[in-house]
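So you can see what is in the structure, the chains are spelled out below.
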2 protein chains.
Amino acid sequence: MPSLLKASRRSGGRDLRHSAAERRDEVLRAAVDAFAIHGLHGTSTEMIAKRTGISQPYIFRLFPSKKDLFLAAVDQCFDRVEAAFRKAAENPDVATASHHLGGSPADRRLHAMGHAYVRLVAHRELLLFQMQAYAACADDEIRRKVKQRWERLMKVTAELSGASRDELTLYFARGMLLNVVASIGLVPEGAADAWGHKALGIG
Amino acid sequence: MPSLLKASRRSGGRDLRHSAAERRDEVLRAAVDAFAIHGLHGTSTEMIAKRTGISQPYIFRLFPSKKDLFLAAVDQCFDRVEAAFRKAAENPDVATASHHLGGSPADRRLHAMGHAYVRLVAHRELLLFQMQAYAACADDEIRRKVKQRWERLMKVTAELSGASRDELTLYFARGMLLNVVASIGLVPEGAADAWGHKALGIG
DNA sequence: CCGCGAAGTTATTGAGTAATCAGTAATAGT
DNA sequence: ACTATTACTGATTACTCAATAACTTCGCGG
């Protein structure tokens, strides 16, 4: 039985070496998923390594510490939401019935962004990770980052939608309710989409 | 240097023995505070023991496991909110200007309960603990308990206030926004009260 | 084909941590 | 006063986990 090792590696040509940047990205995705479920302290670097398919210590060549990895994950998470919002605002009437009901342009855009958000968080990881980020705010560095990204998201949403401060507050409030409801599984996973629309008051 | 030990114990007469029930309660309070900040996995039983002023192993005589302690803390937390709501609903016009503006009885009661909630979570621990409870919902036992208590709270709130389903959804959505905003310290601790009133849409 | 930098691993450490056990001291009941 | 019960602690265990160090392997440019 010679050369048992690397038998798997050779096959196909997949899962060979990746560039550091690629690996960083893979680790980041795995990290968001893992952190989303178990939180900062409940997730071990070992878990993240296993999901990524690399050894645990290699994480620390890509990120200086577990906390730094978490911070990077926060950025990635907000980036995704922001991107979805921008795209929805640019093209408010795609995949939406909002051009039927009239409404002001601001309403239409907010509406479209709501749809985008619901679609985005249909995969629950993003939603759950957000909750974990809020929960981890005892750490001051994390709190600062989350706060900064939250404020930026509100600003961007305001600019994109042109909605008033009160409208936005209500809008975000409903989003947060959606987060909590998803966390505790008040709504069956399959029905999350429909429920989301209802909770946000759209559609 | 004889009898150094117990020198502290003798003095005064305080910090002597408590009944198991008393200690259980003390541990529970300390646990809520600690869990609120660091979460289920970020809080060690040692921390809770230190806060309570007992040895770490004694925790495990009062609670079978750390998770059971957390579950008990969840119950205590929701109990407190529920109690505050009941009290507010029974006597809606105490410490409130709501008898000035008319409004339906349901509105007045919801209004009063909103005030009660804001007052309750002015000490942030309750708020933060709630977030930690939602975040810990990856554990199925915890999720079930949180879900059960949440549903019960909604039912109680509905009965007490007589508000409609839509009113309640909005009400709870704003509460959740308040939670998040408090978590990330978007609002200075001192101003939390005023901000809370504004966020909940109460005068 | 060689060697050098980048990608990746194994082994290890040191600090912490939930939980158990075996015991000690205070109090209540008689 | 004495004993049974109840409150509580110290020592320890078995284990996990972030982080480091020291090593190996790959693949590219010359």
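Residues numbered from 1 in each chain as written. Chains lettered and ligands numbered in written order. Predicted model: local features only at pLDDT ≥ 70, side-chain atom pairs only at ≥ 80, totals over all residues. Heavy atoms only, no water.

**Topic: the protein's contact with DNA strand C**
Basically, it comes down to this: To be near a molecule or strand, a residue needs just one of its heavy atoms within 4 Å of it. Two N or O atoms form a polar contact when they lie within 3.5 Å of each other; inside protein one atom must be a possible hydrogen donor and the other a possible acceptor, and for residues adjacent in sequence the pair counts only when both atoms belong to side chains. A helix here means a DSSP run of H or I that spans at least four residues, while a strand means a run of E at least two residues long, and both kinds are numbered starting from the N terminus. Under the convention adopted here, Pro, Cys and the residues Ala, Val, Leu, Ile, Met, Phe, Trp and Tyr are nonpolar, Asp, Glu, Lys and Arg are charged, and Gly plus all remaining residues are polar.
In the vicinity of DNA strand C there are 21 residues, among which R17 and S55 of chain A together with Q56, F60 and K66 of chain B approach most closely. In the environment of DNA strand C, a base nitrogen lies 3.2 Å from a nitrogen or oxygen atom belonging to the side chain of R17 of chain B. Here Q56 of chain B contributes a side-chain N or O atom positioned 2.9 Å from a base nitrogen of DNA strand C. Looking at the surface near DNA strand C, the elements with two or more residues in it are α2 (20-42) of chain A together with α4 (56-62) of chain B. In the surface near DNA strand C, the residues fall into 7 nonpolar, 8 polar and 6 charged.

**Some thoughts on the interface of chain A and chain B**
Applied cut-off: Contacts: residue pairs with any heavy atoms within 4.5 Å of one another. The term buried area refers to how much accessible surface (probe radius 1.4 Å) is lost by two components on association, counted for both of them together. Each salt bridge in this description consists of a side-chain nitrogen of Lys or Arg and a carboxyl oxygen of Asp or Glu lying within 4 Å of one another.
At the junction of the two partners, chain A supplies 27 residues and chain B supplies 27 residues. Of the roughly 2600 Å² buried at the junction of chain A and chain B (both faces included), carbon and sulfur atoms supply 75%. Per-residue buried area on chain A facing chain B is highest for L177, I184 and L186 of chain A; these three make up 21% of the total on that side. Summed over the shared surface of chain A and chain B, the result is 0 salt bridges. The tally of links from chain A across to chain B stands at 4 residue pairs in polar contact (both at pLDDT 80 or more). For the side of chain A that touches chain B, the secondary-structure elements that each account for two or more residues are α2, α7 (124-135), α8 (140-161) and α9 (165-183) of chain A. Residue contributions to the side of chain A that touches chain B peak at 9 residues, all from α9 of chain A. Here the residues of the side of chain A that touches chain B sort into 16 nonpolar, 7 polar and 4 charged.

**Some thoughts on the layout of surface pockets**
Just so we agree on the cut-off: The definitions used throughout rest on a 1 Å grid laid over the protein atoms alone, on which a cavity is an enclosed set of points accommodating a 1.4 Å probe that cannot get out and a pocket is an open set flanked by protein within 12 Å on both sides along at least five of seven lines; lining residues are those having an atom within 4 Å of a point. Grid points are joined across faces, edges and corners, and a volume is the space filled by probe spheres set on the points.
Its boundaries defined by the atoms lining it, the largest pocket holds a volume of some 430 Å³. W195 and K198 of chain A together with M154, R165 and T169 of chain B are the residues nearest the centre of the largest pocket, which is lined by 19 residues in total. Its residues assigned to classes, the lining of the largest pocket shows 11 nonpolar, 2 polar and 6 charged.

**Examining the relation of the copies chain A and chain B**
As a reminder, the rule being used: Least squares is the method for superposing the copies, and the C-alpha atoms it fits come from residues with pLDDT of at least 70 in both.
In screw terms, the move from chain A to chain B is a rotation of 180° and a rise of 0.0 Å along the axis, fitting with an RMSD of 0.0 Å. Here the two chains are linked by the operation of a two-fold rotation axis. Most of the interface of chain A is mirrored in chain B, where 100% of its interface residues are also at the interface.

**Considerations on the pattern of salt bridges**
Across all of its chains, the model carries 28 salt bridges over all chains by this definition. A salt bridge links E82 of chain B to R152 of chain B, with the shortest nitrogen-to-oxygen separation between them at 3.1 Å. Remark: R152 of chain B occurs in helix α8 (residues 140-161) and E82 of chain B occurs in helix α5 (residues 66-90); sequence separation between them is 70 residues. If you follow the salt bridges from partner to partner, you end up with D75, D79, E82, R86, K145, R149 and R152 of chain A in one network.

**Section: the packing of aromatic side chains**
Defined as follows: To pair, rings of Phe, Tyr and Trp, with the six-membered ring standing in for Trp, must have centres within 6.5 Å; the planes then decide the type, stacked if under 30 degrees apart, edge-to-face if over 60, and tilted in the middle.
Considering all chains together, one arrives at 10 aromatic pairs over all chains under this definition. Ring pairing ties together the aromatic residues Y134, W150, Y171 and F172 of chain A, which thus form one cluster.

**With respect to the side chain of S161 of chain B**
All names here are of chain B. Tracing the backbone shows S161 in helix α8. A polar contact is formed between the side chain of S161 and the backbone nitrogen of A163, at a distance of 3.0 Å. Not counting the four nearest positions on each side in its chain, S161 is found in contact with A106, R109, L110, M113 and L168.

**Focus: the protein's contact with DNA strand D**
DNA strand D sits among 22 residues. The nearest are T45, F60 and K66 of chain A together with R17 and R61 of chain B. Each atom of DNA strand D within 4 Å of the protein was assigned to sugar, phosphate or base; sugar and phosphate come to 60%. A distance of 3.1 Å separates a phosphate oxygen of DNA strand D from a polar atom in the backbone of H18 of chain B. Among the secondary structure elements, those contributing two or more residues to the surface near DNA strand D are α4 (59-62) of chain A together with α2 (20-42) and α4 of chain B. Of all the elements, α4 of chain B adds the most residues to the surface near DNA strand D, at 3 residues. When the residues that make up the surface near DNA strand D are grouped by side-chain class, the tally is 7 nonpolar, 8 polar and 7 charged.

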